[in-house]
Structures are given as structure tokens and as C-alpha cells.
Amino acid sequence: MAKLSEFIPKAFASTWRAALNSNVLNIVEKGGRGSGKSSDIAHIITQLLMRYAVNAVGIRYVDNTLEQSIYEQMKWAIEEQGVTHLFKFNKSPLRITYIPRGNYMIFRGAQNPERIKSLKDSKFPFAIGWIEELAEFKSEDEVTTITNSLLRGELDDGLFYKFFYSYNPPKRKQSWVNKKYESSFQPANTFVHHSTYHDNPFISKEFIEEAEATKARSERRYDWEYLGKAIGSGVVPFDNLQVVPGSITDDMVANFDNIRNAVDFGYATDPLAHVRWQYDKKKNGIYAIDELYGQKISNREYGKWLHKKNYSSDTIFADSAEPKSKFTIAQIGGTYGGSFVDQATYSTQVASAIAQGKRAHTYIWYQVGGSQAIAKAALDRYLPKIQTPKNSIVALDYESGASGDKQANTDAILYGMRRVKAAGYTPMYYSYKPYTLANVNYKQIIKEFPNSLWIAEYPNYEVTPVPNYSFFPSMDGISVFQFTSTYVAGGLDGNVDLTGITDKGYEGGNATKPDTDTPATDDGKDANEVTPSEIQEGMAVTIKFSATNYSTGQAIPKWVKENSYKVLQKSGNKVLLDNIMSWVAASDVQALDTGGSNSTGNTQTHIVQSGDTLSAVASKWGTNWQELARQNSLSNPNMIYTGQVIRFTGGQSGTKSRTYTVRSGDNLSSIASRLGTTVQSLVSMNGISNPNLIYAGQTLNY
């Protein structure tokens, strides 16, 4: 075993002393590239594991970076010290065990803090923590949550807690980690050490040459990257920008061969900004050819500008952080092994999305197993009811009910996608990677329908407002990546379009109408033009996602924003919304229609009494519960309350329904046969989510 001084350079001797000092809790190692700070910490933790009866944990912001960083760094340090025979290395799960005593070091990702909070061992306490790449964490609070979970009480005599932090300082001086550790005022229990490659006697000659070359090109970059200095104010993105005035002629533009377009859509009071630039690599110059800049520019206006300028076919790099530029994929309903359940709010969701300037698409719950017969019945039922534009996406959601025949499953999916394409829409396949690999020959799908996969993969169910590409499912043919089911608290799917496929049906800002009647799309387009001052009684509206409070000042719950409401009254700049019976600022609602009606006949009303069901109310008017749910914007037809006003305008696809009372021993199949109808029809008319679960005394419409 070699001397420790052979591995820990002289510049890091103070760090070693701090590691042995029980009064020092936090050791912060920061600095530039190649300084050896991570190597130093790995050597020290190796020694601490051998000297003290404690466990250690290595932490990175995401766990898929652990093996190639902290784990390999520790393994390297153990080998360098010549003590490999004293340690056991496991990769699944990642663990390094000191064999003579049995204490060990494990490795965790911070994206799942519960796995860190739950760390316990009956023999050895977790007293050592190493957080590598500290600057990856978004705030100090994220780090404190982790360290506090490890500080669980007093340790035995001679033992102490020790937390190591290593990072390259971010460029921005205002970064939380720079503000915290660049200060000379640190608590007595915190030791901060700064190092550069000059402090590393083991650095290679090639590395030094690279550093000096960077210094010659840009001293500021050298200061940040190699000396670990925070050089940026966060205000000026280009510190070497020189503006050269001069006209750009049409002849010059005609010869440009490296033009790039980019847009920041803006949101609320933030402006939309589109720039069109040419980059000349040889002259290292940028030519600002064109721009569009302004507040309250709608996506439709922006699209018209692009069309007028002949830019609409160009690739445009865009941000995706603001709501108005997002897309929605709404469920129309689906089949559960041959039983059908329609989504009553589908039309409302489509209208709401289009009214907000979003691109609306459709998906079908496609639990067909390997049966093309069930697939045919599902597509016969739903394709004529699509409300989104021709060429828009119609995705098949295949994540449950697969048969044991992989090829039959694949054939049923391909059959469905061919039907979707033949109907004039863009077919996509939705699922998640493990389920797909186990049940579907997906390469047959992308061979016939390239880039048609919409795949979900996410590490946990915590709120995730931006995609984490560390968990991207590595498969060919993915166009849409669903990165979370909790985009906001309470649940909302988060998707990112990787190829521009969600533009389908909306190219050039002009959506092509399907052959079927599309009141949802039409209402949404008209409503998109309605201003707050034009909101009127009788209009259907949703509460904008950006709204925070009712007019009373009370906070608006998230679930309220997911539904639609009728405007009962308008007073000044406030509107009273049905069902929630609350006043909201007119500027906080988005119209879903223009208040007009395509129907004929008089509007009838019913005040809900105790014991009423929507089906019973519908039967009274000779219609069905789905029609009442649509006309009254009810997101959950099973939840109506005493005193609620239900409205019905006659002549809108209502048909006289009859009723049947379920008897003991009945099932839907026998009832359907007796009544001369189908199981699918009974499921649809009665909103039955589980066709195998009915009860004696239940009233069914047919």
C-alpha cells in the first residue's frame, strides 16, 4: 500500500485535514476543469471507509450518470491506492463494500429523493455523502433536503458526519451555488477549497496545451472553463459581439447558404420574437436578414406572416415553454376488449384547445389485443366521429390487453394505422417502451409508418414541467416523447414533439375540414377571435391556465381549469360561471364558442333533485346522457348535485331512449340479446366503465 501523500497533491493537503476534523461538516471542492478535485474526494472517501465504521452515499442529480462518474471515480481511487483486494464491487445495484468490516458506499440519483431519505442500515450509519456536480441542482433547498435526511442523530464516539460537494462554477455570477460559495464569509463548519489544473501534478501535457490554446482564443472562456471563475453577469449572451452597420441586398440573401430561423413565442406580456439570420463560418459573422417582434401576436397572425414571407416551409427552431404554442391530443373514447366507452368531453377538449390557439389531435384507447375484428369495430365506431382536422394525428393507445401472440398484436395495430391513414389522418402508435418490446414487433410499424411512435417514459410521478432527456426511451421512430404524467400538480401529461409531426393538419395555419361535421373545430376557431369584452351570457368558456384567483381573491383550484362552463351573468369585467357559481375576471376566461347555436328547438331546463341521475333526466326529454353532458359541458356525468340546472335544446341528435332494470343473474350480453341491441351500445349509452360490473336494480337505457 503506497503513502497517501503520493495520491493527494500538496495543494489538497488542507482538504485532507478538514476531512479528519470532526468539527467540519461540509467540504466544498470547486474549480476549473482538470483540477483533480473529484480524484481528491474519491481518495479521501476511500480512506474514511477503511478507517471508520460508517457507510457513504454518492449522489448525482440524475442516477443514470452515476456509474460513469462517482462509481468509476471511487473504483479508480481504490485501485490507485493498491487496496482493490479489500473491496467488492457490484454494478446492480451500484455498491462498493469494504470487505474486512462490511461497511459500504452506495449511489443514488436525486430525482428520487425518497430513495435517499429511506437509507438505513442496522450496523453502520450513513455518515458520508458526496454530491458530485453540485451546480446541476436548481436550488440550495434541493440539496438541503438531501443532507437533512442523512443527519439523523448522534453518532457513536469517534464517528462524525461529512458531506463533500464538487462542481465547476457556472458562468453566471448570480447562480445560487456561486453566490453561496464565492463569499469569503462561510460558517465555521464549512471548508471551501478552490483548485485549477495548475494544482494537479498528474495532468497530461495534451490537456495543458488545450488549455493554453483556449486562452489564446478567448481569455474569458479560459478563465471560466479552466480557472473556474464565474465571469458572466447573465445579461449579455455574446461578450465578443460587434455590430457592423450596412445594408443586406437581395443578391446577398440569394447567395446565403446557411440561413437559420428561430422564434421565442412569448406569453402574456412577453413579446413574440422571430429572427432570420445567416451565419458565415469563414468570416465568423452573422447577418440579421429579417425579424418579427411584438406583443399580443397570436399564433395565427404569426403563421400568416410566415406564409407572406415564404418562410413557412423553413425549419424554425422554437421554444416550447408557453401554453399557446402547445398541442393537445384528446381521447375520443376507445375499446376495452370489444366493449366501447365514449369520451363525453372529447368535443369540448378539441374546441377548448383550438380556441386557445393549440393544435388539437385525437387518440383512441385501443385495447384490441391481437383481434382485427375488435379493431375493425373500434375504427368503424370512432373514425366517423373525429373532430380534429384532416391530416391531424389519430393515435392508437396500445398499453393494455395484449394477447400472447406478438405478431397478431402487431398485425392488429398495423390494421388500425392503415385504416387511420386511409381515412385521411396521420396514424401514430402510443405506448411505453417495455410494454412495446414485450408485446409488439415495433420495427414492422416504423418500416411502414416511419417516425410514427409516441412513447412514454419518465422516472417518477413528481411534477416535471420540462423533459428530462436522461430518461429518453432509446428506440427508432419516435416523434413524440411523453416525459411525464404530472406536468403540473394533480396530473397532466407532458409531451414534446421531436419532429414537427403535431403540425400535421395545421400546415400554413389552414386546417382542412374532415368529411364529417366538426362543430368542435368550428366553434374553437370562431371562439379564438373572441376578446374579453365580447364574452356574453350563454357562451361556453374555460378558465385560462394562467388564472390564479376568483374575483373574491380566493385561489382557483387546478381541477376547475380543466372543465368548461356556461356564462350565467356578466357584470362589468366579471362573469359568473355555472356549476361552480363563482365570479371570474373576463380576461381570465377563454371562449369555447361564440354563443350561437346550430340547434333548433326551445331550450328546456331541469333542476336536479335528490336521487336524480343524468340518464334519468335525459330519458325525460327523450335523449341520452351523452347529449346532456355535451350541452352542459359536464366533464364527469356521474357527478351532478341537487339544485344544479341541467339544460337541453331539442333536436340535437337526441333519440328516445327506453329503460331496463337489471335483474339478479343478468349480464350485459344476455340483456343485449333480450333487448335486440349490442353490449357496445349499452356500455356507451349508460357510461359503463367496466362491462363486467352491473348490479340488480340498476336502470339501463337502450
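Residues numbered from 1 in each chain as written. Predicted model: local features only at pLDDT ≥ 70, side-chain atom pairs only at ≥ 80, totals over all residues. Heavy atoms only, no water.

Any details on the packing of aromatic side chains? Residues and values, ideally.
For the structure on display, the rule yields 22 aromatic pairs. When the ring of Y71 is compared with that of F107, the centres are 5.4 Å apart and the planes differ by 80 degrees; the resulting orientation is edge-to-face. Separated by 36 residues along the polypeptide, Y71 in helix α3 (residues 67–80) and F107 in strand β5 (residues 104–109) bring together distant segments of the chain. Taken individually, Y71 and F107 each receive the classification buried, so the pair is uniform in this respect. Pairing Y398 with Y435 gives two aromatic rings, centres 6.3 Å apart and planes at 55 degrees, and the pair type is tilted. You can see Y398 sitting in the loop between β16 (393–397) and α13 (406–422) and its partner Y435 sitting in helix α14 (residues 433–439), a full 37 residues away along the chain. A relative accessible area of 14% means that Y435 is categorised as buried. The ring of F89 is capped by K75, whose NZ or CZ atom sits 5.7 Å from the centre of that ring. Taking NZ or CZ as reference, K171 lies 4.7 Å from the ring centre of W224, over its face. (Phe/Tyr/Trp six-rings, centres within 6.5 Å; stacked < 30°, edge-to-face > 60°. Helix = DSSP H or I, 4+ residues; strand = E, 2+ residues; numbered from the N terminus. Buried < 20%, exposed > 50% of the residue type's maximum accessible area, 1.4 Å probe, protein only. Lys NZ or Arg CZ within 6 Å of the ring centre and 35° of its normal.)

Give me the packing of helix α2 (residues 37–51) against α3: which residues, what numbers.
Remark: α2 packs on α3, axes separated minimally by 9 Å, with the N-to-C direction vectors making an angle of 70 degrees. Judged by the angle between their axes, α2 and α3 are roughly perpendicular. Read as a crossing pair, α2 and α3 show a hand that is right-handed. The segment α2 lies against α3, with S38, S39, A42, H43, I45, T46 and L49 engaging Q73, M74, W76, A77, I78 and E80. (Axes fitted to C-alpha atoms, helices over the stretch in contact; angles between N-to-C directions. Parallel < 35°, antiparallel > 145°, perpendicular 65-115°, else oblique. Left-handed = near helix turned anticlockwise from the far one by under 90°. Contact = heavy atoms within 4.5 Å.)

Explain the environment of K138 to me, and be specific about the residues and the numbers.
One can find K138 in the loop between β6 (126–132) and α5 (140–150). C-alpha of K138 to C-alpha of S175: the two residues are 37 residues apart in sequence and 9.1 Å apart in space. Residue contacts for K138: discarding those within four places in its chain leaves Y61 and W176. At 2.6 Å, the side chain of K138 and the side chain of Y61 are in polar contact. (Polar contact = N/O pair within 3.5 Å; in protein donor to acceptor, adjacent residues only side chain to side chain.)

Lay out unusual backbone geometry with the relevant residues and their values.
Cis geometry marks the peptide bond from S92 to P93, where omega comes out at -5 degrees. Examined against the element boundaries, P93 turns out to sit in the loop between β3 (87–91) and β4 (94–98). One non-glycine residue with positive phi stands out, namely E133, at about 55 degrees. Examined against the element boundaries, E133 turns out to sit in the loop between β6 and α5. What makes E133 partly exposed here is its relative accessible area of 26%.

Please give an account of empty space enclosed by the protein that cites residues and values.
All told, the structure shown has one cavity of 30 Å³ or more when counted by the stated rule. Its boundaries defined by the atoms lining it, the largest cavity holds a volume of some 40 Å³. Its residues assigned to classes, the lining of the largest cavity shows six nonpolar, no polar and one charged. (1 Å grid on protein atoms, 1.4 Å probe; cavity = no way out; pocket = protein on both sides within 12 Å on 5 of 7 lines; lining within 4 Å. Points joined across faces, edges and corners; volume = space filled by probe spheres on them. Nonpolar A, V, L, I, M, F, W, Y, C, P; charged D, E, K, R; others polar.)

Run through the environment of S571, naming residues and quoting values.
Turning to its location among the elements, S571 is positioned in strand β22 (residues 564–571). Along the sequence, S571 and W583 sit 12 residues apart, while their C-alpha atoms lie 9.2 Å from each other.

Describe the sheet that holds strand β13 (residues 327–336), and please don't skip the residues or the numbers.
Taking strand neighbours across the sheet as the criterion, the eight strands line up as β14-β13-β15-β16-β17-β18-β19-β20 in an open arrangement whose pairing is mixed. Every interior strand has two partners, whereas the edge strands, β14 (339–342) and β20 (494–497), have only one. Geometrically, the sheet is characterised by an average inter-axis angle of 25 degrees between neighbouring strands, direction not taken into account. The pairing of strand β18 (residues 453–456) with strand β19 (residues 478–484) spans four bridges and is classified as parallel. Paired with A456 across the two strands is Q482, which belongs to β19. Strands in contact with helix α12 (residues 372–382) are β13, β14, β15 (359–367) and β16; relative to β14, the strand with the most contacts, it is inclined by about 25 degrees. Contacting β15, β16 and β17 (426–432), α13 crosses the sheet at an angle of about 145 degrees to β17. (Pairing = 2+ DSSP bridges.)

Requested: an account of the sheet that holds strand β25 (residues 589–591), with residues and values cited.
The strand order β24-β23-β22-β21-β25 describes an open sheet built from five strands, whose pairing is antiparallel. Two strands bound the open sheet, and with one partner strand each, they are β24 (582–585) and β25. Sheet twist, expressed as the mean angle between neighbouring strand axes with direction ignored, is 50 degrees. Looking at chain direction, strand β21 (residues 540–543) and β25 are connected through three bridges and run antiparallel. Residue pairing in the sheet places V541 in a bridge with A591 of β25.

Kindly report on the nonpolar core, identifying the contributing residues and their values.
Within the largest apolar cluster, 59 residues are counted, with the highest numbers of intra-cluster contacts made by I45, M74, L134 and F164. By residue number, the principal contributor to this core is α2, which donates seven residues. Not counting chain neighbours up to four residues away, the residues in contact with F164 comprise A19, I27, I41, I44, I45, L48, I128, G129, W130 and I131. Core analysis: the second largest hydrophobic core is formed by 39 residues, L379, V440, Y442 and L453 among them. (Core = buried A, V, L, I, M, F, W, Y, C linked by side-chain atoms within 4.5 Å.)

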